[in-house]
Amino acid sequence: MIKYKKLLALIAALAMLAAACGSGDDDAGDDTVEDETTEETTDAGSDAEDDSMEEDDAMEDDSMEEDDADSGAMADGEFEAGLDFNAILLPKFTGIAVFDQANEGALEAAGELGTTEAEFLGPTADNSVAGQIEIVTNAATQGVDAVMISNNAGDQIEPAVADLVDTGAVVVTWDSPIPSSNGESVFVAQVDFDETGKVMADMARSILGDDGGSFAILSASPDASNQNAWIGALEEVLATDEYADLVLLDTVYGNDESEESYNQALALVDQHPDMELIMSPTTVGIAAAAKAMQDEDLCDDVKVSGLGLPDEMRAYTQSGCAPEFALWSFVDLGYLTYYVTYGLATGQIEAADGASFSAGRMGDYTIETDPTRDAGLRVLMGPFTVYNADNVG
Amino acid sequence: MTGTLGFLTREDRRWELLLFGILVLTVIFNVTQSTNYVGVNNFVNLFELSIEKIIIAVVMAFVIISGEIDLSVASVMGVGACVVAALHDSTSVPFLLAIIIAIGVGGLAGFIQGWCTAKLGVPSLVVTLAGLIGFRGLARILVEDRSIGDFPSWFDSLGQSGLIGPLPFSVIVFAAAISFGGVLLGRTGLGRRAYVIGDNAEMARFSGVDVVDYKIRLFVVSGAVAAFAGVLFAARLGSVRGDLASGFELDIITMVLLGGVSIFGGTGSMVGVFISILIVLNLRNGLGLANVEANTQTGIIGVILIASVVLRNTFDRFETPAAETDPVLPNEKTSANQTPTRREHE
């Protein structure tokens, strides 16, 4: 008898587990409904900006959608709020601060537009490609209006995206586009990839002084397309006469792993005694390099700069190890992405070169042909914020 | 008295029933959680999203029942896909021939690992761990950190659209593989030898089973099927990168173990593995449609796996008379009371 009781108890425990999952999810559902009904729908008119020039373009490109579009909303380039909009915000993976910040921005925009908050769903870091494909495939089954993707699957996301678009959903990419742009309406670009080179060169100049000096790059992985594009842009800037006094000694890769980046930074110091600066165009690399220099008391000889998160870099900036670094706001990126996706999915703008819209507190943007890819459209957010001891907080 | 069970013990059968109960709970959960769950397209998607893993799981069941493990399968998947991509990209080899070469390379990878395991006696855990790292490196070398696509359209549509009605080629392959594997494992001498070897390789050798030969062949099949699955994955994705399928090995092994196959070899059934596959796939699908976060999904599947192992040990401790008189370690106990049970059928 005892044995059957134990068996029964275990089955009961399993059942409770299943019930717990169920109830947890009910809560989530309730939240969504609540948000939908309580959120203000008043912000739409508050940030009216004059964009009569761009408005004409938008009207022309929008001939197909004019019936749906509210003419009052179109007149000032702002979106009519409160329309049905069920979307998924899909980061490369979850558990990274920048993607949570993007979600904050998306939530803020959802509040202003008075619509359902997008589900923030991402794969685990070790299952990013297959996980993103799974979420996109499920989105097609769920019949969502839009999915906003920070693509980490390269071209491999295409078949799943094609199936999703077939259901009538809008796909917008942000942070990282679909390379071929197939299936994607618009890519919301954080910064102009060419501008990144100039920003890094200017920070190097500012740290090394007017007489220049030599530095090395600590990047992510050798096949990271955005980092490679930025390094390429930096090299182009360095080739001009104006920056001839800045000498790039070496480029090494820390694969976006803290320990590897840390070791690579120290190896650079050993190999290049005359190096005065490590430039790292990745948030993992810059923090690891700054820690390495601080741990080894090298900050007086070798400075660190690049692209970093203020929260992670604050101490190093204040101690002088990393006097300057740059980044864009991921909150703004999520906010802008949500706005443009809402506009596209509700038919208030069309994904076409020249179409313009107003994105709440961020002002006006225009969709344009993406010059960094062979095909596709983009909305360029920009600009960089350069952080130093004064504004790092 | 238990002649209809094939090579299964009563414990295996009871395990299958319990798994079936969990499956029913999962399906009920899904139906109540999402209105989109029931539907032909979703059921096809549900299989298709993991189809490469579950095809390999069929072979993995044989490998683990034989007392071995193959951790290299996901890396060999990568090699298979990358061989096809590299041949397509830089040679004029006909595409179909490239696929056959890829499967051959997978078989060769399996042969090397099987030979090291069976002939040299290096534990398969070590050999295939080296394989996991080494073959992944080979895959990356083959495509050099690029993404290679532009495959022939018949290949893409083979992976992405239905072949018979809504059923894609890969789903049909899986249906064939699990049926064939189930009969092979449960009803033939070949399957019986897997149990005998996994139970006690030494004893199998003395009773005339060529254990070395058997294991090498098993690893060859495992490698070839993994490479084939990698090719199927490439067709589904439409392009290949060096990191294709990385990390899949643990999902595959998880499904096999949840199916009641003992990690120590010698026990398990294909029916159990099939039900376990259905549980994992339905659970992932249902949780996904209910917008449950990926980390939580992984956690829930982990809890179910642990619960199932605890349950199984509880069975073995309280249900078998042998255990009451034999106070040894759980795994020894399992084989101690199952060997005689199996002999009954012979």
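The rules behind the values
- Residues numbered from 1 in each chain as written.
- Chains lettered and ligands numbered in written order.
- Predicted model: local features only at pLDDT ≥ 70, side-chain atom pairs only at ≥ 80, totals over all residues.
- Heavy atoms only, no water.
- Helix = DSSP H or I, 4+ residues; strand = E, 2+ residues; numbered from the N terminus.
- Buried < 20%, exposed > 50% of the residue type's maximum accessible area, 1.4 Å probe, protein only.
- Contact = heavy atoms within 4.5 Å.
- Areas by Shrake-Rupley, 256 points an atom, 1.4 Å probe, with all protein chains shown as cover.
- Disulfide = S-S within 2.5 Å.
- Expected span 1.5 Å × (residues − 1).
- pLDDT = per-residue confidence, 0-100.
- Core = buried A, V, L, I, M, F, W, Y, C linked by side-chain atoms within 4.5 Å.
- Axes fitted to C-alpha atoms, helices over the stretch in contact; angles between N-to-C directions.
- Parallel < 35°, antiparallel > 145°, perpendicular 65-115°, else oblique.
- Left-handed = near helix turned anticlockwise from the far one by under 90°.
- Pairing = 2+ DSSP bridges.
- Right-handed = clockwise from strand over helix to strand, strands pointing away.
- Salt bridge = Lys/Arg side-chain N within 4 Å of Asp/Glu carboxyl O.

1. A look at the overall build of chain A
Consideration 1: What chain A contains, in helices and strands, is 12 helices and 15 strands.
Consideration 2: In chain A, buried positions account for 54% of the 393 residues.
Consideration 3: Once local pairs closer than 6 in sequence are excluded, the contacts in chain A between residues at least 24 apart make up 72%.
Consideration 4: If you sum the accessible surface of chain A, you get close to 16100 Å²; carbon and sulfur atoms cover 48% of it.

2. Comments concerning the overall build of chain B
Consideration 1: For chain B, the helix and strand inventory stands at 16 helices and 2 strands.
Consideration 2: Scored against the burial criterion, the 346 residues of chain B give a buried share of 55%.
Consideration 3: Just so you have it, chain B exposes about 14000 Å², and 67% of that area is on carbon and sulfur atoms.

3. So, the state of the cysteines
All names here are of chain A.
Consideration 1: With the rule as written, the count across this model stands at 1 disulfide over all chains.
Consideration 2: A sulfur-sulfur distance of 1.7 Å marks the disulfide that ties C299 to C321. With the S-S bond torsion at 90°, the cross-link from C299 to C321 turns out right-handed. Linking C299 in the loop between α10 (283-295) and β9 (303-306) with C321 in the loop between α11 (310-319) and β10 (325-327), this pair joins segments that are 22 residues apart in sequence.

4. Points about helix α4 (residues 97-113) of chain A
Residue and element names in this part refer to chain A.
Consideration 1: Over its 17 residues, α4 runs 25 Å from end to end, which matches the ideal 24 Å to within 8%, given 1.5 Å per residue.
Consideration 2: Within α4, the full set of buried residues consists of V98, F99, A102, N103, G105, A106, A109, A110, G111, E112 and L113.
Consideration 3: On its buried face, α4 sits against β1 (87-90), β2 (119-120), β4 (170-174) and α12 (330-345).
Consideration 4: Trailing α4 by a residue or two, G114 shows a phi angle of about 60°, which is positive.

5. Looking at the confidence of the model for chain A
Consideration 1: Model confidence for chain A is summarised by a mean pLDDT of 81, while 80% of its residues fall at 70 or above.
Consideration 2: pLDDT under 50 marks residues 14-75 of chain A. Its contacts with residues more than four places away, or in other chains, come to 79 contacts.

6. Some thoughts on the nonpolar core
Consideration 1: Core analysis: the biggest nonpolar cluster contains 119 residues, and B:F47, B:F174, B:V240 and B:I277 have the highest contact counts within it.
Consideration 2: Examining the composition of this core, we find that 13 residues originate from one element, helix α3 (residues 51-65) of chain B, more than from any other.
Consideration 3: In contact with B:V240, not counting residues within four places along its chain, are A:Q156, B:A81, B:C82, B:A85, B:V143, B:R146, B:S147, B:I148, B:F151 and B:A234.
Consideration 4: Residues A:F85, A:Y262, A:F325 and A:Y365 belong to the second largest nonpolar core, which totals 93 residues.

7. With respect to the packing of helix α8 (residues 169-187) of chain B against helix α9 (residues 189-199) of chain B
Residues and elements named next belong to chain B.
Consideration 1: One way to put it is that α8 packs onto α9 with a least axis distance of 5 Å and a crossing angle of 65°. Between α8 and α9, the angle falls in the class roughly perpendicular. Crossing handedness for the pair α8 and α9: right-handed. Across the interface between the two elements, L184, L185 and R187 of α8 pack against G189, L190, G191, R192, A194 and Y195 of α9.

8. So, the sheet that holds strand β8 (residues 277-280) of chain A
Residue and element names in this part refer to chain A.
Consideration 1: Read from one edge of the open sheet, 4 strands run β7-β6-β8-β9, paired in parallel fashion. On the outer flanks of this sheet lie β7 (246-253) and β9, each paired with one strand and no other. Each neighbouring strand pair of the sheet contributes to a mean axis angle of 25°, computed without reference to strand direction.

9. Considerations on the environment of A:G114
Residue and element names in this part refer to chain A.
Consideration 1: Turning to its location among the elements, G114 is positioned in the loop between α4 and β2.
Consideration 2: G114 sits in the buried class, given a relative accessible area of 9%.
Consideration 3: Sequence separation between G114 and A81 is 33 residues; the distance between their C-alpha atoms is 5.9 Å.

10. A few points about the pairing of β1(A)
All names here are of chain A.
Consideration 1: Judged by which residues are buried, β1 turns out to be covered on both faces: A87 and L89 on one side and I88 and L90 on the other are all buried.
Consideration 2: In the sheet, β1 pairs with strand β3 (residues 146-149) via 4 bridges, with the strands oriented parallel. Bridge pairing in β3 links I88 to V147.
Consideration 3: Sheet topology note: the β1/β2 ladder contains 2 bridges and is parallel. Residue pairing across strands places L89 opposite F120, the latter belonging to β2.
Consideration 4: Handedness of the β1-α4-β2 crossover: right-handed.

11. Some points on unusual backbone geometry
Residue and element names in this part refer to chain A.
Consideration 1: Phi is positive for S181, close to 70°, though the residue is something other than glycine.
Consideration 2: In this structure, S181 sits in the loop between β4 and β5 (186-189).
Consideration 3: Its relative accessible area of 10% is what places S181 among the buried residues.
Consideration 4: Despite not being glycine, N255 has its phi angle at roughly 55°, a positive value.

12. Digging into the pattern of salt bridges
Side chains that carry opposite charge are capable of pairing whenever their charged atoms lie near each other.
All names here are of chain A.
Consideration 1: Summed over the entire model, instances satisfying the criterion amount to 18 salt bridges over all chains.
Consideration 2: Put simply, E184 and R373 hold a salt bridge, and the shortest N to O gap is 2.8 Å. A residue pair is termed long-range when its members are at least 10 positions apart, and E184 in the loop between β4 and β5 and R373 in the loop between β13 (368-369) and β14 (377-380) qualify at 189 residues. Taken as a pair, E184 and R373 share a single burial class, namely buried.

13. Points about the sheet that holds β13(A)
Residue and element names in this part refer to chain A.
Consideration 1: Taken in spatial order, the 7 strands of this open sheet run β2-β1-β3-β4-β5-β14-β13, and their pairing is mixed. The open sheet has two free edges, formed respectively by β2 and β13, since each of these has just one partner strand.
Consideration 2: Sheet analysis places β3 next to β4, joined by 4 bridges and oriented parallel. If you follow V147 over to β4, its bridge partner there is V171.
Consideration 3: Together, β3, β4, β5 and β14 form the strand contacts of α12, whose direction differs from that of β4 by roughly 160°.

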